Amino acid sequence: MEKNTTLPKKPIATTPKTLSKVRIFFGLSFMVISIVMAISFASFLSSWKSNQSLKGNMLDRTVKSSNIFSKVGDWLGNIFVMDTFGISAFIVAFLVFVIAMIILKKKYFKPWKTFGHSLFFICWLPIFVAAITKGEGAFSGVYGYQIMDFLDSLIGTVGLWVAIIFSIILYFVLELNLRPSTVKQKLNDINEQTIGKVKSLIPKSEEDFEEDLQVEKPITEVEQPIVEQPKKPSPFDKTKKEENFEIVTPNHTSFETQQPVEQENISVELPISSIPTIPTKNTNTTSEDIGFEVEIAEVKDEIIDPEKKSNELVEKHGLYDHKLDLAGFQFPSTDLLKDYGNEEISINQEELEENKNKIVGLLKNFNVGIKQIKATIGPTVTLYEIVPDDGIRVNSIKKLQDDIALNLSALGIRIIAPMPGKGTIGIEVPRKKPSMVSMRSVLSSQKFQNTDMDLPVVFGKTISNEIFMADLAKMPHLLMAGATGQGKSVGINAILTSLLYKKHPSELKFVMVDPKKVELTLYSKIERHYLAKLPDADDAIITDTHKVINTLNSLCVEMDTRYELLKNAFCRTIKEYNAKFSERKLNPENGHRYLPYIVLVVDEFADLIMTAGKEVEHPIARLAQLARAVGIHLIVATQRPSVNVITGMIKANFPARAAFRVISSVDSRTILDSPGADQLIGKGDMLYFNGNEILRLQCAFVDTPEVEKIVDFIGEQKGYPTALLLPEVANEDGQVSSTGFDPNEKDALFEEAARIVVSTQQGSTSMLQRQLKLGYNRAGRIMDQLEAAGVVGGFNGAKAREVMITDLSSLENFLDELRNG
């Protein structure tokens, strides 16, 4: 009988081709993800400040992102960079790429070793970056800052750095197997290799070659001698490779033997560099008969040492004096300022005792005990510092601000809980009879007279009656806000007055923007001393919105030009650059010049934003971001500190802020990021925020007649021919904004300057200064006229301008046409 047998079904197996497709798909997917992550991280780090508002707004179409991958890129950046690992997020992207290589079976990396190294850097790199940046920015991430802050509080700053350095050393010791024995062995190997190379490079004589052959070890029975017949030298022998080159020679030293020799030959392998040259024609001539001389050619061109040359110029002419053009300039004296009499603070003991009893009694009614209370009397307010009993919560006192103000019947009560660095709680209470802080008193102080700040700014006095000063060069920009009539314009005048009393016209220039047309008009009298403007501007005080945009763009061009000069001079700041220029280490023929500080003052920023919007905001933000190092600083004031005027981009680049009294706490939070400005009492009462703490100040008072006396005193003195001319800016059509060339308005030295430029074929303003003995402003104006007339080309950064006319005869014909035309 036939058996009905059925074969078992084979399981359906996945073919290798299907597995390959799946592996390629997942491998390429991981590779693309890693690339997207890396690009997103890089884009996020470049614009993370401006995209902080995107958190939680992923689905809001009205919110735009500047990341290359838009909101997805910002989402990845927030997760991996900001909220976790900081700059180590790039290592995470790298690990995703390694996983892709493993899936694709590309053995470019050793997986476990790669993951181990990556884990080390992910753990320690954010901590190291946070220790350097103190947690500022997004490079350390939340993880790096938190761990750094914990270690800093646990073992201190020194201990933190010891732990970081120890971990780095331990990593390299384990990775490179750095033990004393291995290090010593590697050094010995390197030393032997170096000695061997040096010996091989020394040419040997025939006698040394013979000694080397005799020293060669004898042939043993195991080693078979290589017996070869000497051959005639062939020209093709030179093409043999060095490692395979073989010389067979008999025991005797003569190289003339051409007959077969029965003696055993010695095979010697030598590098090509150690083989003596075999004579081909006169074989009887020895190396001793050939005369050999070594002659070292003298360098005819003397190398000029820039340091030596600059020292010689300093010894001959002295240091460069940038004040020489206005050597007789006199600073205004404090006698021009009004004397308001005795400004000493009078102590009213009854008022102090009354306020103390009211504060203690009110806190006692709310079950808040006090150990100690101390009063510090200032010009405008009195600070009461209290030490609460143990177990009292700080918030329980902060909540009583309105109750304390009601009990004291005072306006502008402000509670500071706790006081920074003191361990107390401060209550600021306005005085019934405040004292005035005059500008004369603060400018006459020894603190201001003996300061070494680059741009000293006097604001007024603190609560403890101390004169408060700040360096505008280190702020580096100041944002001011305050309601109408609260002292904002007086504060601007105080800042400008303190700078006029301390800086020479050659060291400082102002660019003033006054949309209200009445606040800064007084300073037009010092146009030829302290102001800067566009070449085609009629007034140095800018009031027209269109001219404001051109001026801001011109300042951006000036900033870029200055950065180019600093790059060529290998300097990082304007202070280093001017020091080098004063020591005559920079050649003016290469475009170098003394760079004054430039301070841009904008009195009403809100009006500019309303009329120009982004056209003003973008150059302001760019200047605030970059212009600090090249000596361009901004003072921006507004009476409406709303979020659409003071945007996040502007706030991020203005770390120093001054707030006078504002209407609401929302405005206070906009300018200071905290309440308090709405509790001020006005009349110069202000809060100053320098990025660390908020200080309450009484601004120094300077009246309009006092400012007028100061500018009249400066304006009556000898000044420069014109204000400092800012670079010209191309308009929308690509043309330079200039008024053109009018032959009737050309300078008296125009023709002589044209002849100098054409004869030397060098369009340099500094050269005109030296040749014609002019100041920089007049030489620059003549150079602008030469450009407008077509004698020289346009501005070319730090390089000299191109001369468009080749010879003097063509120039004379051109000048004749100008005279006749």
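### Focus on the overall build of the protein chain
1) Next: Within the protein chain, the regular secondary structure consists of 26 helices and 17 strands.
2) Next: Residues counted as buried form 41% of the 821 residues belonging to the protein chain.
3) Next: Taking as baseline every contact in the protein chain between residues at least 6 positions apart, the subset at least 24 positions apart corresponds to 66%.
4) Next: Summed over its atoms, the accessible surface of the protein chain is roughly 47,600 Å², and 55% of this surface lies on carbon and sulfur atoms.

### Examining the packing of helix α23 (residues 750–760) against helix α26 (residues 808–820)
1) Next: Relative orientation of the contacting elements α23 and α26 amounts to 155 degrees, with a least axis distance of 10 Å. The orientation of α23 relative to α26 falls into the category roughly antiparallel. For the pair α23 and α26, the crossing hand works out as right-handed. In this structure, α23 uses F750, E751, A754, R755, V758 and S759 to contact α26, whose residues at the interface are L808, L811, E812, L815, L818 and R819.

### Things to note about the sheet that holds strand β13 (residues 632–638)
1) Next: Strand order in the open sheet formed by 9 strands is β8-β7-β16-β15-β14-β9-β13-β12-β10, and the pairing between neighbours is mixed. Where the open sheet ends on each side, the last strands, each with one partner, are β8 (467–471) and β10 (508–513). Going across the sheet, the axis of each strand differs from the next one's by a mean of 30 degrees, ignoring polarity.
2) Next: Direction of pairing for strand β9 (residues 478–481) relative to strand β14 (residues 656–659): parallel, over a ladder of 4 bridges.

### Here's the deal with the environment of E604
1) Next: Tracing the sequence through the fold places E604 in the loop between β12 (597–602) and α18 (605–611).
2) Next: Separated by 36 residues in the primary sequence, E604 and R640 place their C-alpha atoms 8.9 Å from one another.
3) Next: Among residues more than four places away in sequence, those in contact with E604 are K488, P515, K516, A637, T638 and Q639.
4) Next: There is a polar contact of 3.3 Å between the side chain of E604 and the backbone nitrogen of A606.
5) Next: Within the structure, the side chain of E604 is placed 3.2 Å from the side chain of T638, a separation counted as a polar contact.

### Examining the sheet that holds strand β4 (residues 381–388)
1) Next: Taken in spatial order, the 4 strands make up an open sheet running β3-β4-β6-β5, and their pairing is antiparallel. Edge positions in the open sheet fall to β3 (370–377) and β5 (414–416), since each of these has one partner strand only. Going from strand to strand, the sheet's axes swing by 20 degrees on average, the running direction of each strand aside.
2) Next: In this structure, β3 lies alongside β4, joined through 7 bridges in antiparallel fashion. From the neighbouring strand, I370 faces β4, where its bridge partner is P388.
3) Next: Strands in contact with helix α9 (residues 349–365) are β3, β4 and β6 (425–430); relative to β4, the strand with the most contacts, it is inclined by about 40 degrees.

### What about the confidence of the model for the protein chain?
1) Next: Residues with a pLDDT of 70 or more make up 76% of the protein chain, whose mean pLDDT is 77.
2) Next: In this model, residues 1–14 is a region of pLDDT below 50 whose contacts with residues beyond four sequence positions or in other chains number 1 contact.
3) Next: Segment residues 297–303 is flagged for pLDDT under 50; beyond a separation of four residues in sequence, or across chains, it makes 0 contacts in the model.

Calculation rules
- Residues numbered from 1 in each chain as written.
- Predicted model: local features only at pLDDT ≥ 70, side-chain atom pairs only at ≥ 80, totals over all residues.
- Heavy atoms only, no water.
- Helix = DSSP H or I, 4+ residues; strand = E, 2+ residues; numbered from the N terminus.
- Buried < 20%, exposed > 50% of the residue type's maximum accessible area, 1.4 Å probe, protein only.
- Contact = heavy atoms within 4.5 Å.
- Areas by Shrake-Rupley, 256 points an atom, 1.4 Å probe, with all protein chains shown as cover.
- Axes fitted to C-alpha atoms, helices over the stretch in contact; angles between N-to-C directions.
- Parallel < 35°, antiparallel > 145°, perpendicular 65-115°, else oblique.
- Left-handed = near helix turned anticlockwise from the far one by under 90°.
- Pairing = 2+ DSSP bridges.
- Polar contact = N/O pair within 3.5 Å; in protein donor to acceptor, adjacent residues only side chain to side chain.
- pLDDT = per-residue confidence, 0-100.

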